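Working through the structure, step by step
What follows is the residue order along each chain.
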Amino acid sequence: MDWTHYRFRSVWTLPAPPATVYEALERVEDYPRWWRQVREVTRLDDTTGVIRIRSLLPYDMTFTAREGRRDPAAGVLEIAMSGDIDGWARWTVTPADAGTLARYEQVVDVNKPLLRRFAVPGRAVFRANHRLMMRAGRRGLAAYLQAV
């Protein structure tokens with residue numbers, strides 16, 4: 001088993017139409033407004049940016065995100081990531097009874113030396129840290145969507 005390889009999945013139920021949720025998710029430069037763990041987004045061009053994140057644990061992770069797929073008709077946003085983490089992430093936005101279901105999938109390998117060093121003993125803590133970040137993101141986006 002590669003202890004520095006992670007697969008994450010989250011499902012967010014959001015009280016807004018799918019098109020509204022999709023529009024919010026595709027505006028990555030606005031993430032810090034509603035997702036406090038996304039500390040900084042620096043656009044490099046129309047399809048690439050540098051993102052710095054930090055959840056509960058006292059370390060930042062920085063990676064370059066490159067647009068891989070943007071398909072509003074299918075509700076899919078996908079990026080390739082390189083830097084402290086290498087891999088991909090995908091949002092899939094679909095209608096749900098009371099609004100929208102936003103599915104997040106991520107498959108990454110960790111390159112940050114500190115996290116690689118503590119890969120085995122820290123794995124459960126790193127996964128919990130990710131869950132907390134995703135929970136805060138769902139709450140932040142739900143509040144943001146109700147405010148706009």
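Basis of the calculations
- Here the residue index of a chain counts from 1 through its sequence in written order.
- The predicted origin of the model limits local features to residues at a pLDDT of at least 70 and limits the giving and counting of side-chain atom pairs to 80 or more, whereas totals for whole chains, interfaces and linings rest on all residues.
- Note that water and hydrogens are dropped before the side-chain values are worked out from all heavy atoms of the structure.
- In the sections that follow, a salt bridge refers to a side-chain nitrogen of Lys or Arg positioned within 4 Å of a carboxyl oxygen of Asp or Glu.
- When a residue's accessible area, from a 1.4 Å probe over protein chains only, is under 20% of the maximum for its type it is buried; when over 50% it is exposed; and in between it is partly exposed.
- To pair, rings of Phe, Tyr and Trp, with the six-membered ring standing in for Trp, must have centres within 6.5 Å; the planes then decide the type, stacked if under 30 degrees apart, edge-to-face if over 60, and tilted in the middle.
- A helix here means a DSSP run of H or I that spans at least four residues, while a strand means a run of E at least two residues long, and both kinds are numbered starting from the N terminus.
- Think of it as a cone above the ring: NZ of Lys or CZ of Arg counts as a charge over the ring if it is within 6 Å of the ring centre and within 35 degrees of the ring normal.

Before going further, it helps to spend a moment on the pattern of salt bridges. On inspection of all chains with the given rule, the structure shows twelve salt bridges. Note that Arg-27 is salt-bridged to Asp-30, the shortest N-O span being 3.1 Å. Its relative accessible area of 15% is what places Asp-30 among the buried residues.

Under the counting rule described, the total for this entry stands at nine aromatic pairs. Seen from their ring centres, Trp-12 and Trp-35 are 5.4 Å apart, and the 65 degrees between their planes marks the pair as edge-to-face. In this pair, Trp-12 is assigned in strand β1 (residues 5–14) and Trp-35 in the loop between α2 (31–34) and β2 (38–43), connecting sequence segments 23 residues apart. Trp-12 sits in the buried class, given a relative accessible area of 3%. Here the guanidinium or amino end of Arg-123 rests over the ring plane of Tyr-6, the centre of that ring lying 4.2 Å away.

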